[in-house]
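# Results of the structural survey
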Amino acid sequence: MGGKAYTQPIGDFGRNTLMLILRRKVKPDSVVYSDTFASSNTLALEGYHHVTINHERSLVTLGGRHTSGIENYWNPANCHLQNFSGVPKESFYLFLKECEWQFNAGS
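Read on for a plain summary of the structure. (Residues numbered from 1 in each chain as written. Predicted model: local features only at pLDDT ≥ 70, side-chain atom pairs only at ≥ 80, totals over all residues. Heavy atoms only, no water.)

## Section: the overall build of the protein chain
- The number of helices and strands found in the protein chain is three helices and four strands.
- Going from the N terminus to the C terminus, the protein chain shows its helices and strands as β-α-β-β-α-β-α.
- Per-residue burial for the protein chain yields a buried fraction of 20% across its 107 residues.
- Relative to all contacts within the protein chain whose residues are 6 or more apart in sequence, the contacts with residues 24 or more apart total 37%.
- When the accessible area of the protein chain is evaluated, it comes to approximately 8,200 Å², of which 57% is carbon and sulfur surface. (Helix = DSSP H or I, 4+ residues; strand = E, 2+ residues; numbered from the N terminus. Buried < 20%, exposed > 50% of the residue type's maximum accessible area, 1.4 Å probe, protein only. Contact = heavy atoms within 4.5 Å. Areas by Shrake-Rupley, 256 points an atom, 1.4 Å probe, with all protein chains shown as cover.)

## Details of the pattern of salt bridges
- Applying the stated criterion across every chain yields a total of three salt bridges.
- R15 is the salt-bridge partner of E46, the closest N and O atoms lying 2.3 Å from each other. In this pair, E46 sits in the loop between β2 (31-34) and β3 (49-52) while R15 sits in helix α1 (residues 15-25), placing the two residues 31 residues apart along the sequence.
- Classification of E46 as partly exposed rests on a relative accessible area of 26%.
- Between E100 and K97 there is a salt bridge, with its nearest N and O atoms 2.8 Å apart. Note that E100 and K97 are positioned in helix α3 (residues 92-105) at a spacing of three residues, about one turn of the helix. (Salt bridge = Lys/Arg side-chain N within 4 Å of Asp/Glu carboxyl O.)

Shown next, in the form of C-alpha cells:
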C-alpha cells in the first residue's frame, strides 16, 4: 500500500488546530455542536453557528442535541485504529467503515 499513513493523533486541541481542521472540513455558516471546551469558544466569531452543551448541567440541549453519540462511537473506533502502525490515507475510510460495522454489530 502506497501513500502517506496516518500515524499520529492530532498534536494538540488548541484553538488554532481546531480552526485549521474546521476551515478544511466544515462549511462556513454551518451549525457546530460541541461541549464547553475552551478551544471552541470563538466559533461564532469565525462564521459558524455554535451551540454548546454543558455536560455539568445537562447531557442534551433544549432541542435534544448532544455530543454523546459521536463520543460513544469514536472512543472504541480510536482504540481499534491504534492497533495498527498507521493507516494509509487512501484506506482510512475502509478502516473507519470496519469500525462502524463493529459498532453497529455490537462487537
